[in-house]
Amino acid sequence: MLLRPAVLWLSAVLPLSAETYTFYVQQGTASPRCEKQMELVQKADPAANCVQRQLKDKSATLEDAESAAEAIRNGAVQLPCVVVSDAQGAYAALPLDKLDEAAIGKAREAAQSPTRKQEQEKRDFDADCYLLFARLSLQEQTPERVRANIADCRKLMDRAVDNPQAWQELGLRALYPLLMLEYAQGHRANGAHTPETEAKLLEAIAALEAVRDLDPQSTCGRKAHEERERLRMARRQARQAE
């Protein structure tokens, strides 16, 4: 649906300020409407900074992941959309096909929302989690990177103390496999099982059990229970084979 006398109504609802309107579109998708709306916003608010960001469907490189994380941080969870920002950061994200007078007016109200800081903190957390998982899947996990990722994961888990689901997911999908990888790397480096590698294995098991015990009935809790039983059987068979 095309905008109706857009220049007129945009000039009424947009402040003459140095705000930024970031138009997020899918890479490779032509969007004449996006270009038109950028022009209309610019005409209505000459001081505004209008930019366009193209995002890929799937992150194939760390650079792609960083671009996607920026979009998550700004609240761009649906494409195409426009994110409105001021000096304090992003405060509203509007679907491009919903960009009308009412939406813009509501977006202006969001700039003064008492929950704005909390909403930004949540988006920052989601973006940081996304980047952690992207590093795990897109980068070679050298011992140095494993240690750095473990430290970052623990920091994220500290931030998720009031979000059990996120805490469990980080513990199961990131911390536990990273600790197991650190254990395996230590085993290879030493050429044998040592007290140090045993301590690392026990640390990984403790992380797994913490996920299981936080909420045994959740999806992550059940998966952690299954993995703990698999480890138990594997260790028993290893002892029998000695």
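Please read all numbers here as calculations on a predicted model, not as lab measurements.

**Quick look at the layout of surface pockets**
Part 1: Counted as a void, the second largest pocket has a volume near 250 Å³.
Part 2: Lining the second largest pocket are 16 residues; nearest its centre among them are Leu55, Lys56, Asp57, Asp64 and Ala68.
Part 3: Sorting the residues of the lining of the second largest pocket by element identifies β2 (49–55) and α3 (62–74) as the ones contributing at least two each.
Part 4: No other element matches α3, which puts four residues into the lining of the second largest pocket.
Part 5: Classifying every residue of the lining of the second largest pocket gives six nonpolar, five polar and five charged.

**Some remarks on the nonpolar core**
Part 1: Among the nonpolar cores identified, the biggest contains 29 residues, and Phe125, Cys153, Leu170 and Leu175 are the most heavily contacted of them.
Part 2: Going through the elements one at a time, α5 (116–138), α6 (143–159), α7 (164–190), α8 (195–214) and α9 (219–241) are the ones with two or more residues in this core.
Part 3: The greatest single-element share of this core, amounting to 10 residues, is contributed by α7.
Part 4: Setting aside residues no more than four positions away along its own chain, Phe125 makes contact with Leu156, Arg159, Ala160, Ala166 and Leu170.
Part 5: In terms of nonpolar packing, the next biggest core, distinct from the first, is built from 19 residues, Met38, Val41, Ala48 and Ala111 among them.

**Brief notes about α6**
Part 1: For α6, built from 17 residues, the straight-helix expectation of 24 Å at 1.5 Å per residue is met to within 8% by its first-to-last C-alpha distance of 25 Å.
Part 2: Residues Val146, Asn149, Ile150, Cys153, Leu156 and Met157 constitute the buried set of α6. One face of α6 carries all of its buried residues, which in axial projection span an arc of 130 degrees. The outward face of α6, more than 90 degrees from its buried face, is lined by the exposed residues Glu144, Lys155 and Asp158.
Part 3: On its buried face, α6 is in contact with α5 and α7.

**Points about the pairing of strand β4 (residues 89–95)**
Part 1: Buried residues dominate β4, accounting for five of its seven residues.
Part 2: Note: strand β3 (residues 81–86) against β4, six bridges, orientation antiparallel. Considered in β4, the bridge of Val84 is made with Ala92.
Part 3: Connecting β3 to the antiparallel partner β4 that follows it, the hairpin turn spans two residues.

**Looking at the environment of Asn74**
Part 1: Of note, Asn74 is situated in helix α3.
Part 2: Residue class for Asn74 comes out buried when judged on its relative accessible area of 18%.
Part 3: Between the C-alpha atoms of Asn74 and Ala93, which are 19 residues apart in sequence, the distance is 7.6 Å.
Part 4: Ignoring any residue separated from it by four or fewer positions in sequence, one finds Asn74 in contact with Tyr24, Val83, Ala90, Ala93 and Arg123.

**Some details on unusual backbone geometry**
Part 1: In the segment running from Leu79 into Pro80, the intervening peptide bond is cis, with an omega of -10 degrees.
Part 2: Along the chain, Pro80 turns up in the loop between α3 and β3.

Cut-off values and rules
- Residues numbered from 1 in each chain as written.
- Predicted model: local features only at pLDDT ≥ 70, side-chain atom pairs only at ≥ 80, totals over all residues.
- Heavy atoms only, no water.
- 1 Å grid on protein atoms, 1.4 Å probe; cavity = no way out; pocket = protein on both sides within 12 Å on 5 of 7 lines; lining within 4 Å.
- Points joined across faces, edges and corners; volume = space filled by probe spheres on them.
- Helix = DSSP H or I, 4+ residues; strand = E, 2+ residues; numbered from the N terminus.
- Nonpolar A, V, L, I, M, F, W, Y, C, P; charged D, E, K, R; others polar.
- Core = buried A, V, L, I, M, F, W, Y, C linked by side-chain atoms within 4.5 Å.
- Buried < 20%, exposed > 50% of the residue type's maximum accessible area, 1.4 Å probe, protein only.
- Contact = heavy atoms within 4.5 Å.
- Expected span 1.5 Å × (residues − 1).
- Arc of directions from axis to C-beta.
- Pairing = 2+ DSSP bridges.

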